[in-house]
Structures are given as structure tokens and as C-alpha cells.
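# Chain and residue survey
Single-letter residue listing:
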Amino acid sequence: MKHTTTQNIKFLRLKRRLKLPHWGVVGILQSIWTFAMNNAKDGGIGRYSNDDLAAAVEWDGNPDEFVRALLECGWLNFHDEARLVIHDWHEHAPRFVHGALAKSGKSFLGNGKPWEKTQNQAKYRDWE
């Protein structure tokens, strides 16, 4: 994790939203990114269910509320193909992820669409 991440307003919003201490949010974000490195190198973690994503970080609360918090705080984006992608994953993924994708002839998924309540409320009805 970059040293500036924990001072980012997105980090602080997620911390407040999930009512977690600093170290808890660090753990959640690092766990989501590690999950992507191993299971969705292209950033398309929305191929997995909200339950799967919650399990990946050992979140014992409501999985839909957890994913909604990540979306609303800007850590995830909606994506037409994969449902959800990690925001700016193509910029922040480790070098080995870039290399693995290149070696397999694949690329990162587009950055998707940021959370916008007016256009995306209907999408929540599909998985709530």
C-alpha cells in the first residue's frame, strides 16, 4: 500500500462508513487487492459474488452493504462486463500482475463507471 493511501479522503470515508480503526481499513483494502492479484488480475472482481468478496476479507457483516461502501467511497467501480472493477487497478497493480496479463495476452479491464446514485440505484436491485 502506498504511504499516501491512508490520508486519502476515500480511505477516511471508508473508515468512517465501516466504523473501523485505521488498521482495519488497511487490512480490508490490502485483502481486496491481494484477492484481485490471485483471482482477477484484470481487476474484474465483480465476477465473484458479494459474499465471496466479503469472505475474502473476512467481513462478517452484510456483504451487500460492504460492497456498497467500497463503491460509494470510490474503491470499486461498476463495469459492464465484470460487474465491478477495482478503481484505477491498471495504475496500482504490482508489476508482476502487469507481466502476468501481458504474458497471457490479456489486459486490464477499463476503469468502469464511478458510483452515481441516480444511474446505479437500479443495479443494486439486481443483487440486494
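Counting restarts for each chain, with residues numbered from 1 along the sequence as it is written. Residue-level local features of this predicted model are given only where pLDDT is at least 70; pairs of side-chain atoms are given and counted only at 80 or more, and the full residue set underlies all totals for whole chains, interfaces and linings. Only hydrogens and water are removed before side-chain values are computed, so all heavy atoms of the structure are retained for them.

Although it is not a glycine, Arg 83 adopts a positive phi angle of roughly 75 degrees. Topologically, Arg 83 is positioned in strand β2 (residues 83-86). Within the chain, Asp 88 stands out as a residue other than glycine whose phi angle is a positive 55 degrees. With respect to the helices, strands and loops of the structure, Asp 88 is situated in the loop between β2 and α5 (89-92). The numbering of helices and of strands both runs from the N terminus, where a helix is a DSSP run of H or I of at least 4 residues and a strand a run of E of at least 2.

What follows covers empty space enclosed by the protein. Cavity: a set of points on a 1 Å grid over the protein atoms alone where a 1.4 Å probe fits but cannot get out. Pocket: an open set with protein on both sides within 12 Å along at least five of seven lines, its lining residues, like those of a cavity, having an atom within 4 Å of a point. Grid points are joined across faces, edges and corners, and a volume is the space filled by probe spheres set on the points. Scanning the entire structure with this criterion turns up one cavity of 30 Å³ or more. Considering only enclosed or pocket space, the largest cavity measures out at about 30 Å³ in volume. Forming the walls of the largest cavity are Leu 29, Ile 32, Trp 33, Leu 70, Trp 75, Leu 76 and Ile 86. If one sorts the elements of the lining of the largest cavity by residue count, helix α2 (residues 22-39) sits on top with three residues.

The subject of this paragraph is the layout of surface pockets. Here the largest pocket is characterised by a volume of approximately 370 Å³. Taken together, 16 residues line the largest pocket, and the ones lying closest to its centre are Lys 2, Thr 5, Trp 33, Trp 75 and His 92. Broken down by secondary-structure element, the contributors of at least two residues to the lining of the largest pocket are α2 and α5. Of all the elements, α2 adds the most residues to the lining of the largest pocket, at three residues. In the lining of the largest pocket, the residues fall into seven nonpolar, six polar and three charged. Residues are grouped as follows: Ala, Val, Leu, Ile, Met, Phe, Trp, Tyr, Cys and Pro are nonpolar; Asp, Glu, Lys and Arg are charged; every other residue, Gly included, is polar.

To sort residues, take the accessible area from a 1.4 Å probe on protein chains only and compare it with the maximum for the residue type: under 20% means buried, over 50% means exposed, and anything in between is partly exposed. Alternating residues of strand β1 (residues 76-79) divide into Leu 76 and Phe 78 and Asn 77 and His 79, and every residue in both groups is buried. DSSP calls a pair of strands paired once it identifies at least 2 bridges connecting them. The pairing of β1 with β2 spans four bridges and is antiparallel. When the bridges of β2 are listed, His 79 appears paired with Arg 83. Where β1 folds back onto β2 in an antiparallel hairpin, the turn is made up of three residues.

The next point concerns the pattern of salt bridges. What makes a salt bridge here is a side-chain nitrogen of Lys or Arg within 4 Å of a carboxyl oxygen of Asp or Glu, nothing more. Within this structure, the stated rule accounts for two salt bridges. Salt-bridge contacts for Arg 17 lead to Glu 72; the nearest nitrogen and oxygen are separated by 2.3 Å. Of this pair, Arg 17 sits in helix α1 (residues 9-18) while Glu 72 sits in helix α4 (residues 63-72), and the two are 55 residues apart along the sequence. Overall, Arg 17 belongs to the partly exposed group, its relative accessible area being 35%. Here Asp 42 and Arg 47 are joined by a salt bridge, their closest N and O atoms 2.6 Å apart. On the basis of relative accessible area, Arg 47 is assigned to the partly exposed category, the value being 45%.

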